[in-house]
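Below, each chain spelled out in residue letters.
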Amino acid sequence: MNSWRGSVLGVLFVALMSSILIYAFLGYPEPGYVRPLGEFYLFNTYNFENQDWWSASPNAVTGLLWDYRGYDTLYETMVFYVGIAAVAMFFEGHSKLRKTGGMTVIVRATARLVFVFILTSAFAITIFSIKTPGGGFQGGSIMAIAYIAIIVSLSRGFLPEMSIDLEKAHIAKIVGLVLIAGLTIVPVLYSLTSGSVAYALQNQPKAWAPFGYPTFLGLTSLSGGLIIPIQLGEMIHVGMGFTIMFLLLTIKEKED
Amino acid sequence: MIEMIELVIDLLLAFCVVLTAAIVYTKDLLLAVILAGAEGVLVATVFYLLLAPDIALVQVAAGVGISTAFFIVGLRKIGRREE
Amino acid sequence: MVIVTAGQLPYILVAIMAAICIYAALFKSNLFKKMLAMFLLTDAVNLLFIIQGYRIGGAIPPIIPPGMDPSEFALRAVDPLAHYFVVTAVVIGLAEVATLTVLIIYTYRHYGTIETKKIKELRG
């Protein structure tokens, strides 16, 4: 009898909550209305006549991530770093490594082959993120999947042979962060030494601030300015962060 | 006027609601984790049909691949199956 | 009174999904179920952002094809601001799931159980 009362109460609660939420969500206008700020970003992101406010990338989302809203992405990277530190704080001490175990030979050989392909795909998705959909976060998540496949199919004693160690992963993550921080500070150093105005995280030259990263290789092919190198740093940071979290979770305890 | 794409999106979203109710109702935690992975694939398909290719990439890689791996590794250390 | 048309059916379905997740997060007594419900709640809210940013009448994704006029692109493309928020939200949601998993393992090591009713009785 108690379970019937509990489930009827549950259905009533869901009905009440969903009616409140429907009333709130229907306040949105019908699809078809775009905010004026969104239209400004769409109009100016690859506009050859208005080179004061353009970010030289045909992909509007990538231009938003690292040129128009670059500071938000920088602070989000800091939040992710704090999350990794919170996970790393709980696990102290080292586990004993055994060389036996793991999965069968077929799975291990396939994992080693697939690892190379997935890394190449993640690299390609990050580098061509100006013209096609992609970017740092996408490439980093895909890179983490390659490392997770290796960790799951091999036993933990084999991992230092494949140079996947906890200290090396930490060092690689720091290399990615240093790349991001360095590219942010370069315009500030330029403005201090040459006396003109330049902003941190500046991508293209403006009429009153003549500093810009190289945009065109030759005459027609885009080279991305600031956006491509800083997305490489973000890919390394995100990918290595997920790998570190997964490595820490698979430490064997005494009763497992 | 309802087009073809709107019908398909409504169908996929209704299936997502059914899957969410099944995840809440079941008592087997391993089944709940696998159904959550299936729902991630459906949500990624809805993202693709709404013309958002960047988000479909992140959802498939992070919401289906890495998240299921974390959950299953976490389930090894807790009382494994029943709620 | 609120008028509901057929073009707003996706909003209603997403609202039902969010309501089921909120019920599970409040009233289920297993910690793992609560964490799974939080994860699905972020999925539902991200869906809401993307549904709101769609354009009717010949929509194209927010990547300008070569040789298109910028003013026509601004009239037809999908809203890029919504995409920007959802990309960061998915990655941050995954970091949140990892932190919650670690906290649940810690609680299990300390109390020996992960049901909130039994933890209330133990008072360790």
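For the structure, see preceding data.
Calculation rules
- Residues numbered from 1 in each chain as written.
- Chains lettered and ligands numbered in written order.
- Predicted model: local features only at pLDDT ≥ 70, side-chain atom pairs only at ≥ 80, totals over all residues.
- Helix = DSSP H or I, 4+ residues; strand = E, 2+ residues; numbered from the N terminus.
- Rg over C-alpha atoms; globule rule 2.2 N^0.38 Å.
- Buried ≥ 20, exposed ≤ 12 C-beta atoms within 10 Å, placed from the backbone.
- Contact = placed C-beta atoms within 7 Å.
- Nonpolar A, V, L, I, M, F, W, Y, C, P; charged D, E, K, R; others polar.
- Core = buried A, V, L, I, M, F, W, Y, C linked by C-beta atoms within 7 Å.
- Axes fitted to C-alpha atoms, helices over the stretch in contact; angles between N-to-C directions.
- Parallel < 35°, antiparallel > 145°, perpendicular 65-115°, else oblique.
- Left-handed = near helix turned anticlockwise from the far one by under 90°.

(A) Spatial organisation of the overall build of chain B. On a plain count of helices and strands, chain B comes out with 3 helices and 0 strands. Starting at the N terminus and ending at the C terminus, chain B contains elements arranged as α-α-α. For 83 residues, the compact-globule formula gives about 12 Å, and the C-alpha radius of gyration of chain B, at 15 Å, lies well above that figure. Taken along the three principal axes of its C-alpha coordinates, chain B extends 50 × 25 × 10 Å. Classification of the 83 residues of chain B by burial places 41% in the buried group. Long-range pairs, those at least 24 residues apart, make up 56% of the contacts in chain B between residues at least 6 apart in sequence.

(B) Examining the interface of chain C and chain A more closely. Facing the 42 residues of chain C at the interface are 42 residues of chain A. Of all the elements in the fold, those that place two or more residues in the side of chain C that touches chain A are helix H1 (9-27), helix H2 (31-52), helix H3 (70-76) and helix H4 (80-111) of chain C. When its residues are assigned to classes, the side of chain C that touches chain A shows 33 nonpolar, 7 polar and 2 charged.

(C) Expanded view of the nonpolar core. Of all hydrophobic cores here, the largest spans 116 residues; its most connected members are Ile66(B) and Val14(C). Apart from residues lying up to four places away in sequence, Ile66(B) is in contact with Ser141(A), Ala144(A), Ile145(A), Ile148(A), Phe242(A), Ala61(B) and Leu94(C).

(D) Quick peek at the interface of chain C and chain B. Taken together, the contact between chain C and chain B spans 37 residues of the former and 34 residues of the latter. Where the side of chain C that touches chain B is concerned, the elements lending two or more residues are H1, H2 and H4 of chain C. Ranked by residues supplied to the side of chain C that touches chain B, first place goes to H4(C) with 12 residues. Within the side of chain C that touches chain B, the residues separate by chemical class into 32 nonpolar, 3 polar and 2 charged.

(E) Region of interest: the packing of helix H3 (residues 60-68) of chain A against H4(C). Look at H3(A) against H4(C): their axes get within 9 Å of each other, and the N-to-C directions meet at 60 degrees. In terms of orientation, H3(A) and H4(C) fall into the oblique class. The hand of the H3(A)/H4(C) crossing is right-handed. Mapping the contact onto sequence places Ala60(A), Val61(A), Leu64(A) and Leu65(A) in H3(A) and Pro80(C), His83(C) and Tyr84(C) in H4(C). Split by residue class, the contact of H3(A) with H4(C) holds 6 nonpolar, 1 polar and no charged.

(F) Focus on unusual backbone geometry. Despite not being glycine, Leu201(A) shows a phi value in the positive range, around 60 degrees. Here Leu201(A) falls in the partly exposed class, since 19 other C-beta atoms lie within 10 Å of it. In this structure, Leu51(B) takes a positive phi of about 60 degrees despite not being glycine. Along the chain, the position of Leu51(B) falls in the loop between helix H2 (29-49) and helix H3 (53-75).

As far as function goes, none of this settles anything; it's purely spatial.
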